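# Survey of secondary and tertiary structure
Each chain is listed here by its residues.
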Amino acid sequence: MNKSNTAFLSQAAMIAAVYVVLTYVFAPFSFGEIQVRIAEALTILPVFTPAAVPGLFIGCLIGNILGGAILPDIIFGSIATLLGAFFTYKLFGNRPLLAPLPPIIANTLIVPFVLRFGYGVALPIPFMMLTVGIGEVLSCGVLGLALYYALKKYKNIVFLPAKN
């Protein structure tokens, strides 16, 4: 394995681990119809490295499993994070203020359906879109952008060049 692959895998694994820890530590806020998943702030990381895309997906998958989520939540919640991370990487790498939009949109559209049809939450789907959307704006938008500006100065130290 060459140095580039090792850097990519290491970055993805570290991002996944941090996502899992944040999801587990903040579990009371991370699940339900009103949620602010602190770990979703990490969805800003594809701006810095493509390794964040698989790292966030695996982290969300493991975080959902350890958090006791049901199978549809494990699958579709993780796919929402994957879609958000992928489109952040592809579309907004050089526009950090727009970078939180893909995960906000993906989770706002997908998670309410998981809550309704997976968990049987009886609230109206548009209301859950509102509550999940507000949580995503707080975690991806506010916390994610704060994380971006905190890491921006150190991006060449924290995120080694990685090729996939």
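Below or above, wherever it landed, is the structure these notes cover. (Residues numbered from 1 in each chain as written. Predicted model: local features only at pLDDT ≥ 70, side-chain atom pairs only at ≥ 80, totals over all residues. Heavy atoms only, no water.)

Below, the discussion takes up the overall build of the chain. On a plain count of helices and strands, the chain comes out with seven helices and zero strands. Listing every helix and strand of the chain by position from the N terminus yields α-α-α-α-α-α-α. For the chain, the C-alpha radius of gyration of 15 Å lies close to 15 Å, the compact-globule estimate for 164 residues. Referenced to the eigenvectors of the C-alpha coordinate spread, the extents of the chain come out at roughly 50 × 30 × 25 Å. For the chain, with 164 residues in total, the buried portion stands at 45%. Across the chain, contacts joining residues at least 24 apart in sequence account for 67% of those joining residues at least 6 apart. Just so you have it, the chain exposes about 8300 Å², and 75% of that area is on carbon and sulfur atoms. In the chain, 9 side chains carry a positive charge and 4 a negative one; their mean positions are 21 Å apart. (Helix = DSSP H or I, 4+ residues; strand = E, 2+ residues; numbered from the N terminus. Rg over C-alpha atoms; globule rule 2.2 N^0.38 Å. Buried < 20%, exposed > 50% of the residue type's maximum accessible area, 1.4 Å probe, protein only. Contact = heavy atoms within 4.5 Å. Areas by Shrake-Rupley, 256 points an atom, 1.4 Å probe, with all protein chains shown as cover. Lys, Arg positive; Asp, Glu negative; His and termini not counted. Charge placed at Lys NZ, Arg CZ, Asp CG, Glu CD.)

Y19, I44, L45, F48 and L56 are the most contacted members of the largest nonpolar core, which totals 19 residues. Contributions of two or more residues to this core are made by α1 (3-25), α3 (52-66) and α6 (125-152). In this structure, I44 is in contact with P96, A99, P100, G144, L145, L147 and Y148, ignoring residues within four places of it in sequence. Grouped together as the second largest cluster of nonpolar side chains are six residues, V111, L115, V121 and I125 included. (Core = buried A, V, L, I, M, F, W, Y, C linked by side-chain atoms within 4.5 Å.)

Within the element layout of this structure, A7 appears in helix α1. It is 22 Å that separates the C-alpha atoms of A7 and N94, two residues lying 87 residues apart in sequence.

Summed over all chains, the structure comprises five aromatic pairs. Here the aromatic rings of F48 and Y148 are separated by 5.3 Å at their centres, their planes lie at 20°, and the arrangement is stacked. Placement of F48 in the loop between α2 (27-30) and α3 and of Y148 in helix α6 is noted, with a sequence separation of 100 residues between them. For the pair F48 and Y148, a shared accessibility class is recorded, and that class is buried. Ring centres 5.1 Å apart and planes at 5° place the aromatic pair F48 and F159 in the stacked group. Residue F48 is located in the loop between α2 and α3, and its partner F159 is located in the segment after α7 (155-158); the two are separated by 111 residues in the primary sequence. Classification of F159 by relative accessible area gives buried; the value is 10%. One aromatic cluster is present, built from ring pairs that chain together F48, Y148, Y149 and F159. (Phe/Tyr/Trp six-rings, centres within 6.5 Å; stacked < 30°, edge-to-face > 60°.)

Turning our attention to the environment of F8. Relative to the helices and strands, F8 resides in helix α1. Along the backbone, F8 and T49 are 41 residues apart, and their C-alpha atoms lie at a distance of 8.5 Å.

If you want to describe how two helices pack, look at the angle between their axes and the distance between the axes. Contact pair α1 / α3: the axes reach a minimum separation of 7 Å and the direction vectors enclose 35°. Crossing geometry of α1 relative to α3 is assigned as right-handed. For the pair formed by α1 and α3, the contact residues are F8, A12, I15, A16, Y19, V20, T23 and Y24 on the first element and A52, P54, G55, L56, I58, G59, C60, I62, G63 and L66 on the second. Of the residues that constitute the contact of α1 with α3, the class distribution is 14 nonpolar, four polar and no charged. (Axes fitted to C-alpha atoms, helices over the stretch in contact; angles between N-to-C directions. Left-handed = near helix turned anticlockwise from the far one by under 90°. Nonpolar A, V, L, I, M, F, W, Y, C, P; charged D, E, K, R; others polar.)

Function cannot be inferred from these measures alone, as they are strictly geometric.
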